[in-house]
Amino acid sequence: MEAEADLAAMGRLIGDPNRAQMLTILLGGTPQSGSALAAAAGISRSLASAHLKKLTAGGLVRAERSGRQQLYSIAGPPVADALETLLHLAPSSPIRSLRGSTRMRNLRWARMCYDHLAGVVGVAVTEALATRDVIGSQDGAWVLGSGGTAVFGDLGVDVASLPRRTRPLLRPCMDWTERRYHLAGGLGAALTGELLRKGWVRRQEGSRIVAVTAAGYTGLESWLGLDFGRLRAAAAA
């Protein structure tokens, strides 16, 4: 008789508010030290260490040595996907301050979803790619359009060099705030990596939020014809 999966164990692991907070921070895709996670969660370093041991033992978090530091990250794309799915089901936290309202607005505008771009900007980039037939759908799966390699090449992404054995080249990821799809998979990660390399988007330390720079607004408008004035108006409506 095949044993059933212990879903309750995962629930207990994620169910602690401090652990949930640290997992959400790590969904930004940047490895974090225990001290940074403790500060972000507002708890002591010793308590954070105990939580991180449980998350690591439970297979949700990976710990790697970097010099004298131990850095923590989400254990892999399947874990990130599962956590992102749970965010869709979770109720919204109440916003009780102007700072919280500003943070939520920035989080919705542009953020990391593990290693790919999400939020209003991530969805807009994806939909612009689809409108230009750079990406499309075939038999229920996302595929690269006929001109996709050239369009991504214009940005600096070499599609042919991307690994395809460990993860799909491209796939849809339902956006937590927008309830529409943004681009994930190896191509979504490569696109976001190139945007970061060019300085078109910039990570916010200890957060999933990314800022689109002045160069990014200009570059994305030139590359895909995005109208950010219209996007901001729509997001504020």
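Overview of the structure. The structure displayed is predicted, hence computed values, not measured ones. (Residues numbered from 1 in each chain as written. Predicted model: local features only at pLDDT ≥ 70, side-chain atom pairs only at ≥ 80, totals over all residues. Heavy atoms only, no water.)

**Comments concerning the pairing of strand 2 (residues 61-66)**
No. 1: Summarising the sheet, strand 2 and strand 3 (residues 69-74) pair through 6 bridges and their orientation is antiparallel. When the bridges of strand 3 are listed, R65 appears paired with Q70.
No. 2: Where strand 2 folds back onto strand 3 in an antiparallel hairpin, the turn is made up of 2 residues, including G67, whose phi is positive at roughly 65°. (Pairing = 2+ DSSP bridges. Helix = DSSP H or I, 4+ residues; strand = E, 2+ residues; numbered from the N terminus.)

**Section: the packing of aromatic side chains**
No. 1: For the structure on display, the rule yields 4 aromatic pairs.
No. 2: Over the ring of W200 we find K198; its NZ or CZ atom is 5.5 Å from the centre of that ring.
No. 3: Positioned above the aromatic ring of W109 is the side chain of R232, whose terminal nitrogen or guanidinium carbon lies 4.0 Å from the ring centre. (Phe/Tyr/Trp six-rings, centres within 6.5 Å; stacked < 30°, edge-to-face > 60°. Lys NZ or Arg CZ within 6 Å of the ring centre and 35° of its normal.)

**Things to note about helix 10 (residues 214-224)**
No. 1: Looking at helix 10, one finds that the buried residues are G216, G219, L220, W223 and L224. For helix 10, the angular spread of buried residues about the axis comes to 95°, placing them on one side. Facing away from the buried side of helix 10 by over 90 degrees, the exposed positions are A214, T218 and S222.
No. 2: Close packing links the buried residues of helix 10 with helix 7 (119-131), helix 8 (148-155), helix 9 (185-198), strand 11 (210-212) and helix 11 (228-236).
No. 3: Positive phi appears at G225, one or two residues downstream of helix 10, with a value of about 75°. (Buried < 20%, exposed > 50% of the residue type's maximum accessible area, 1.4 Å probe, protein only. Arc of directions from axis to C-beta. Contact = heavy atoms within 4.5 Å.)

**Considerations on the nonpolar core**
No. 1: The biggest cluster of nonpolar side chains holds 35 residues, and the ones touching the most others in it are V121, L129, F152, L187, L191 and L220.
No. 2: If one sorts the elements of this core by residue count, helix 7 sits on top with 6 residues.
No. 3: When near neighbours in sequence (up to four residues on either side) are disregarded, L129 contacts V134, I135, F152, L183, L191, W223 and L224.
No. 4: A41, L55, V61 and L107 belong to the second-largest nonpolar core, a separate cluster that totals 25 residues. (Core = buried A, V, L, I, M, F, W, Y, C linked by side-chain atoms within 4.5 Å.)

**Observations regarding the side chain of T213**
No. 1: Residue placement: T213 occurs in the loop between strand 11 and helix 10.
No. 2: Using a relative accessible area of 13% as the deciding quantity, one classes T213 as buried.
No. 3: Dropping the residues within four chain positions of it, T213 is found in contact with G199, W200, V201 and R202.

**Notes on the sheet that holds strand 1 (residues 32-33)**
No. 1: An order of 1-3-2 is seen for the 3 strands of this open sheet, with the pairing classed as antiparallel. Strands at the two margins of the open sheet, each flanked by one partner only, are strand 1 and strand 2.

**A few points about helix 9**
No. 1: Along its 14 residues, helix 9 runs 20 Å from first to last C-alpha, staying within 8% of the 20 Å computed at 1.5 Å per residue.
No. 2: With 10 of its 14 residues buried, helix 9 lies for the most part within the structure.
No. 3: Once helix 9 ends, the next one or two residues include G199, with phi positive near 80°. (Expected span 1.5 Å × (residues − 1).)

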